[in-house]
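Letter by letter, the chains look like this.
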Amino acid sequence: MSGSRPIAVLAEDEEFSRLVAADMLTALGFEVLEAEHAHGALQHLEAYDGAALLYTDINMPGAMDGCDLAHTVRARWPETRIIVCSGCTPREATLLPEEVHFIAKPCGERLVRDALKALHFH
C-alpha cells in the first residue's frame, strides 16, 4: 500500500463517470488508481498485490466485464472490498459475488459513503 491512504482501484470506461468517481473516492480518503477497463484494473491490483477497494462498473469494453472482474478479485484478493456502481440490468446485478456492494447508477457520494460503511470502511 502507498502512504497512509488506502488504495482504491477504479474501473470505469466512461471518462466523465471515472473523473467524478475518482474525485469522490479521493475526497473520501483513498489513493485512486484509474483504469478504463477490467484488464487495466487487474494490472493495478497485481502491481500492488491487491487494494483496499475495487470500485467498478459492469459494462466495460474488452474480454472481461465488471462482473467477471469482481469474481476474479474476490478469488485472488479476498480482502479487497468491492463496490459495483452500474446502470446494468437487475439480472446482471444478481450475477455478482455475494460480498459485493451494488449501487445503481446514477449515484451520489451519500450512497458511496453508505456502501463504505456497510463494507466496514468508515
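These figures come from a predicted structure and were not determined experimentally.

Definitions and limits used
Residues numbered from 1 in each chain as written. Predicted model: local features only at pLDDT ≥ 70, side-chain atom pairs only at ≥ 80, totals over all residues. Heavy atoms only, no water. Helix = DSSP H or I, 4+ residues; strand = E, 2+ residues; numbered from the N terminus. Buried < 20%, exposed > 50% of the residue type's maximum accessible area, 1.4 Å probe, protein only. UniProt positions renumbered as here; feature names shortened; annotations may be inferred. Contact = heavy atoms within 4.5 Å. Pairing = 2+ DSSP bridges. Axes fitted to C-alpha atoms, helices over the stretch in contact; angles between N-to-C directions.

Tracing the backbone shows Pro90 in helix α4 (residues 90–94). Classification of Pro90 by relative accessible area gives exposed; the value is 68%. Residues Pro90 and Ser17 lie 73 residues apart in sequence; the distance between their C-alpha atoms is 20 Å.

The subject of this paragraph is the UniProt feature "domain: Response regulatory" (unreviewed entry) in the chain. The positions that UniProt labels "domain: Response regulatory" (unreviewed entry) are, in the present scheme, residues 7–120. For residues 7–120, the end-to-end C-alpha separation is 15 Å, with 44% helix and 21% strand making up the annotated structure.

A few words now on the environment of Ala118. On the secondary structure map, Ala118 appears in helix α5 (residues 109–118). Once the C-alpha coordinates of Ala118 and Met64 are considered, the two residues, 54 residues apart in sequence, prove to be 26 Å apart.

So, about the UniProt feature "modified residue: 4-aspartylphosphate" (unreviewed entry) in the chain. Those places that UniProt annotates as "modified residue: 4-aspartylphosphate" (unreviewed entry) correspond, in this numbering, to Asp57. On the secondary structure map, Asp57 appears in the loop between β3 (53–56) and α3 (66–76). When residues no more than four places from it in sequence are discounted, the contact partners of Asp57 are Ala11, Glu12, Asp13, Gly66, Cys85, Ser86, Gly87 and Lys105.

Another point: the sheet that holds strand β1 (residues 7–11). Two modes of strand pairing occur in sheets, parallel and antiparallel, and in both the strands are linked by backbone hydrogen bonds. Strand order in the open sheet formed by five strands is β2-β1-β3-β4-β5, with parallel pairing between adjacent strands. In the strand order of this sheet, the two ends are held by β2 (31–35) and β5 (101–104), each with one partner. The mean angle between the axes of side-by-side strands here comes to 20°, regardless of whether they run parallel or antiparallel. Pairing geometry for β3 and strand β4 (residues 81–86), over four bridges, is parallel. In the strand pairing of β4, Tyr55 is matched with Ile83. Against the sheet, helix α1 (residues 15–27) engages β1, β2 and β3, with an angle of about 165° to β2. The strands touched by α5 are β3, β4 and β5; relative to β5, the strand with the most contacts, the crossing angle is about 170°.

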